[in-house]
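Results of the structural survey
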2 protein chains.
Amino acid sequence: MARNSELALIRMIRRRVPAAPRGQVRLGIGDDCALLRPRAGEEFAITTDLSIAGRHFWLATHPPESIGHRAITRGLSDLAAMGARPVAAFVSLAVPQELSGEWTTRFYDGLLELAKAQKTTLAGGDLSESPIAVADVVLVGSVPAGRALLRSAAKPGQALYVTGTLGGSAAGLAQLPELADSESKAVRQRRGADNFTALALHLYPQPRVAQGLWLLRNRVATAAIDLSDGLSTDLAHLCEESGVGAEVDAELLPVHPGATLQQALHGGEDYELLFTAPESVRIPKSIAGVPATQIGRILRHNPNQPAISLKTAQSTKPLEPKGWQHFA
Amino acid sequence: MARNSELALIRMIRRRVPAAPRGQVRLGIGDDCALLRPRAGEEFAITTDLSIAGRHFWLATHPPESIGHRAITRGLSDLAAMGARPVAAFVSLAVPQELSGEWTTRFYDGLLELAKAQKTTLAGGDLSESPIAVADVVLVGSVPAGRALLRSAAKPGQALYVTGTLGGSAAGLAQLPELADSESKAVRQRRGADNFTALALHLYPQPRVAQGLWLLRNRVATAAIDLSDGLSTDLAHLCEESGVGAEVDAELLPVHPGATLQQALHGGEDYELLFTAPESVRIPKSIAGVPATQIGRILRHNPNQPAISLKTAQSTKPLEPKGWQHFA
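Since we're looking at a predicted model, the values are computed, not measured. All residue numbers refer to position in the chain's written sequence, counted from 1. Labels follow written order: the first chain is A, the first ligand is 1, and so on. Local features in a predicted model are, by the rule used here, given only for residues with pLDDT of at least 70; side-chain atom pairs are given and counted only at 80 or more, and totals for whole chains, interfaces and linings are based on all residues.

1. Focus: the sheet that holds strand β5 (residues 121-129) of chain B
To be explicit about the condition: Pairing between strands is defined by DSSP: at least two bridges between them are needed. The helix count covers DSSP runs of H or I at least four residues long, the strand count covers runs of E at least two residues long, and both are numbered beginning at the N terminus. The convention used is that axes are lines fitted to C-alpha atoms, helices contributing only their stretch in contact, and that angles between N-to-C directions extend from 0 to 180 degrees. In this description, a residue-residue contact is defined by the distance between C-beta atoms placed from the backbone, which must lie within 7 Å.
If you walk across this open sheet you meet the six strands as β1(A)-β2(A)-β3(B)-β6(B)-β4(B)-β5(B), and the pairing is mixed. Of all the strands in the sheet, the pair left with one neighbour each is β1 (25-27) of chain A together with β5 of chain B. Taking the axes of each pair of neighbouring strands and ignoring which way they run, one obtains an average angle of 20° across the sheet. Where β1(A) and strand β2 (residues 34-36) of chain A come together, two bridges link them in antiparallel fashion. Bridge pairing in β2(A) places L27(A) opposite L35(A). Together, β3 (42-52), β4 (85-95) and β6 (134-144) of chain B form the strand contacts of helix α2 (residues 64-82) of chain B, whose direction differs from that of β6(B) by roughly 30°. Sitting on the sheet, helix α3 (residues 102-117) of chain B is in contact with β4 and β5 of chain B, with an inclination near 170° to β4(B).

2. Some points on the sheet that holds strand β1 (residues 25-27) of chain B
What the six strands build is an open sheet, ordered β5(A)-β4(A)-β6(A)-β3(A)-β2(B)-β1(B); its pairing is mixed. Here the strands that pair on one side only, and so sit at the sheet edges, are β5 (121-129) of chain A together with β1 of chain B. Each adjacent strand pair in this sheet contributes to an overall mean axis angle of 20°, direction not counted. In terms of strand pairing, strand β3 (residues 42-52) of chain A meets strand β2 (residues 34-36) of chain B through three bridges, oriented antiparallel. For I46(A), the partnering residue across the bridge sits in β2(B) and is A34(B). On the sheet, helix α2 (residues 64-82) of chain A packs against β3, β4 (85-95) and β6 (134-144) of chain A and is oriented at approximately 30° with respect to β6(A).

3. Quick word on the domain arrangement of chain A
Residues and elements named next belong to chain A. Selection rule: Domain ranges listed in this record stem from an automatic or a database domain assignment.
Domains assigned within chain A are domain 1 (3-144) and domain 2 (151-318). Taking only C-alpha atoms into account, the centre of domain 1 sits 25 Å from that of domain 2. Taken together, the contact between domain 1 and domain 2 spans 20 residues of the former and 23 residues of the latter. For the side of domain 1 that touches domain 2, the secondary-structure elements that each account for two or more residues are α2 and β4. With 13 residues, α2 is the largest single contributor of residues to the side of domain 1 that touches domain 2.

4. A word on the relation of the copies chain B and chain A
Filter applied, for reference: Least-squares fitting of one copy onto the other uses the C-alpha atoms of those residues that reach a pLDDT of at least 70 in both copies.
Between chain B and chain A, which share one sequence, the superposing operator has a rotation angle of 180° and an axial displacement of 0.0 Å; the RMSD is 0.0 Å. The superposition of one copy onto the other is thereby described by a two-fold rotation axis. The C-alpha atom lying nearest the rotation axis in chain B is that of D136(B); the distance is 3.4 Å.

5. Side note on the environment of A80(A)
Residues and elements named next belong to chain A. Rule in force here: Partly exposed residues are those falling between the two cut-offs: more than 12 but fewer than 20 other C-beta atoms within 10 Å of their own, whereas 20 or more means buried and 12 or fewer means exposed, with C-beta atoms placed from the backbone.
With respect to the helices and strands, A80 occurs in helix α2. A count of 33 C-beta atoms within 10 Å places A80 in the buried class. In this structure, the C-alpha to C-alpha distance between A80 and P207, residues 127 residues apart in sequence, is 7.1 Å.

6. What about the packing of α2(A) against helix α3 (residues 102-117) of chain A?
Residue and element names in this part refer to chain A. What counts is decided by this rule: When describing relative orientation, an angle under 35 degrees is termed roughly parallel and one over 145 degrees roughly antiparallel, while 65 to 115 degrees is termed roughly perpendicular and anything else oblique. Left-handed describes a crossing whose near helix is turned anticlockwise from the far helix by less than a right angle; the clockwise case is right-handed.
Between α2 and α3, the least distance of the axes is 7 Å, while the angle of their chain directions is 45°. Compared by their axis directions, α2 and α3 come out oblique. The hand of the α2/α3 crossing is right-handed. Between α2 and α3, the contacting residues are P64, E65, S66, I67, G68, H69, A71, I72 and T73 on the first element and W103, R106, F107, Y108, D109, G110, L111, L114 and A115 on the second.

7. Regarding the confidence of the model for chain A
Residue and element names in this part refer to chain A. This is how it is decided: The predictor attaches a confidence to each residue, called pLDDT, with possible values from 0 through 100.
Predicted confidence across chain A gives a mean pLDDT of 90, with 91% of residues reaching 70 or more. Counted against residues more than four places away or in other chains, residues 190-195, with its pLDDT under 50, gives three contacts. Among the scores for the predicted complex, ipTM is 0.90 and pTM is 0.91.

8. Points about α2(B)
Residue and element names in this part refer to chain B. As a reminder, the rule being used: Helix span is expected to be 1.5 Å times the residue number reduced by one. Two axes define the bend at a residue: one fitted to the seven residues ending there, one fitted to the seven starting there, and the bend is the angle between them.
Over its 19 residues, α2 extends 28 Å from the first C-alpha to the last, a length consistent with the 27 Å expected when each residue adds 1.5 Å. At T73, α2 shows its maximal kink, close to 25°. With 19 of 19 residues buried, α2 is to be regarded as a mostly interior element. Within two residues after α2, G83 carries a phi angle of roughly 75°, on the positive side.

9. Thoughts on the interface of chain B and chain A
Test applied: Residues are grouped as follows: Ala, Val, Leu, Ile, Met, Phe, Trp, Tyr, Cys and Pro are nonpolar; Asp, Glu, Lys and Arg are charged; every other residue, Gly included, is polar.
Listed per partner, the contact involves 58 residues of chain B and 57 residues of chain A. Those elements giving two or more residues to the side of chain B that touches chain A turn out to be α1 (3-16), β2, β3, α2, β4, β5, β6 and β8 (224-226) of chain B. Per-element accounting of the side of chain B that touches chain A gives the leading share, nine residues, to β3(B). When the residues that make up the side of chain B that touches chain A are grouped by side-chain class, the tally is 29 nonpolar, 13 polar and 16 charged.

Right, dumping it as C-alpha cells:
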C-alpha cells in the first residue's frame, strides 16, 4: 500500500470516528497517546482482545463487516460483564497488502457501526502490514468506583442466571462454511429483527452492555462474567475466582432453537452474561429487552470433587470445561 | 499447547507481575477487565502498538527477550513523549504452538524486566495461538490533567531538540543478520554499561521516560513526539499536527558513532524524544543522564513549499519523510 493510500485510510477512519461520551476523552486519535479521564466517582475498566485470521475468523467465510463487528464485540462484552459503560476503543489492525483497501474499509464499517450504537469513540490504534490479518481491540469503559461486577464475588447458595440463549453462535458457526458473501449481507440486513437466526448470532453478536448496566444500577448481581469461551469454561473461571462450585440444571438451559445441548454448554461466542444473585432477589424475566433465566446455583466447593456438575433428569455428572482454549 | 500448560503459563506470568504504582491499579489480571483510576488532578495517557513477526522483528535474528523488550518499549516511548508516568501495561500475545514454551517465557523475561525497571505493572492481556507471532502492547500512564506534551503545540521561532543519538538502532539492525543467539546474550549483559553498541541500541532501546517527565516537570518543552518511525517521518507528523515547518541542520545532528547520516535521518526505532522549546529557554546539555541537542528550529509553514528542509554546509534542500511506513 502506498503511503498516500495509508494516509487516506487514516483520514477515512478519523472522519468516521463516533462522538465520545462528553468529557471523558480529552484527546483522541492523532498524538502519541490518547488522554482519558473518568468522571468524578468513577474508574476505568480496561480490556484487550486479539482476533486472528484462521483462529478467531476465516477470511473465506466471514464478511469483513462481521470480523470488525466481532472484534469489538469481545471487549464490549467484557465491559458489560463488569457493569461498565463503554467510553473508547483502540483498534490495532494488521493486514496483508491485498486487504488494505476495500476489505479494511468494510472491517471498519462493521466495527464503527457497533461502536456508534454503543456510544464508543475510537481514541487510537495502530495500522500495519502483516502476513496474516490480526486485530487487537482495547476497550475502555467507566464504572462507579468500587462497584464493578467481579468474577470473584459469587457465594454458595446464590442462584446462577444467564441472559439470552446459548449455543446459537456455535450453531451458526456450523453453518458458516456454506456461507456465500451475498447471503451474509442478507443475514446482516435482518439483524435488527427479533428472529435472529443462529447465523446472525454468530456473525453479529450483540454485547449485553445495557443488561450489565441494569444489573449494576439495580444492585442485584453479586458476580458476573461474559460467555465468550463457552458456559462450561467461563463458569469454571467464575467458580475458580470465587472459590465456589456450581450445579447447572440442563433442563433449565435456554438452548437456542436449532442448537444442541453440547453447543449450549461448550460453544462459546454467545456473548451473553452469566451472573449470580442471592436467592432472595427477584430477577425479572427480561432485562433491557433480553430474557434472563435461572440455570442453576452456586455451591460450596469441596476440593475432592469436581467444581461444576450438570444435572439432568437421569443423573448428576461433572461438567468438564470444554469451551474455547486459547491454545488448542 | 495443552490446557494445563496454558494455565501454567498464565500462572507464571501472574506470579511475576511487577507491583503497581500505589492506588492507581485497583484490579489487575484475572477478571473480565482491569480497573484503573488516575490520582486526583491527573488523567490517563493510553497507547497501543503492534509488533509482528517478519515486520517488526525476525524470529531467526531477534532473541525473544529483545522482542519482548522492544514490544513494550514502543508504548513506554509514547508515554515518554507525552510526559506521562507509566502505570500499567496490557500484553496480547499470539504465537505458533512451537513457541508457546521457552520462547514465550523468554519473551516475558525481556518484557517484564523493562516493565519492572519502569515501575509498570501488567494489568491484563490476551494469549492465543496464531500462525505467526504477534504482540500488541497497551500502555497506560498518568499525567497532570491538561499538561501532557502534545505534538500540536510547536510554534514558529522555537528551537528543535533531540535526546540521545540518532541512527544507532538502524546501524544495529544492519548488523543483525549476522547475529547468533549467544552473541546477543553477551550484548544484553553489556546493556547497563555506558558504551552501548549500535546492536544493543537496536535490541534493547531505552525509552526516555525520565526525560519526558523532566521536560513536563520543568515546563520547558512546548511540543514533543518520540522517534519511532525515524526523524524525517516523526518531524513531519509533529509539523503537520502543529501546522508549522521546520529546518534541520545536518551538522548539528548527534549521529550515533558508526551510523550514517541517512540512518540518523530516516532510520527509526531510536526511541529518542524530539521536542521544541522557546529560544529563550535554556535546555541543559544533559537531561536525566541523556544528552539533549538542538538540531534545528521551527518555521512558519508556507503551503507552497516543503514543510521540512535539511541544511548542510553546501545547501538547503527539502527533507522528505522516508522513515518507517506502516504499509510499505
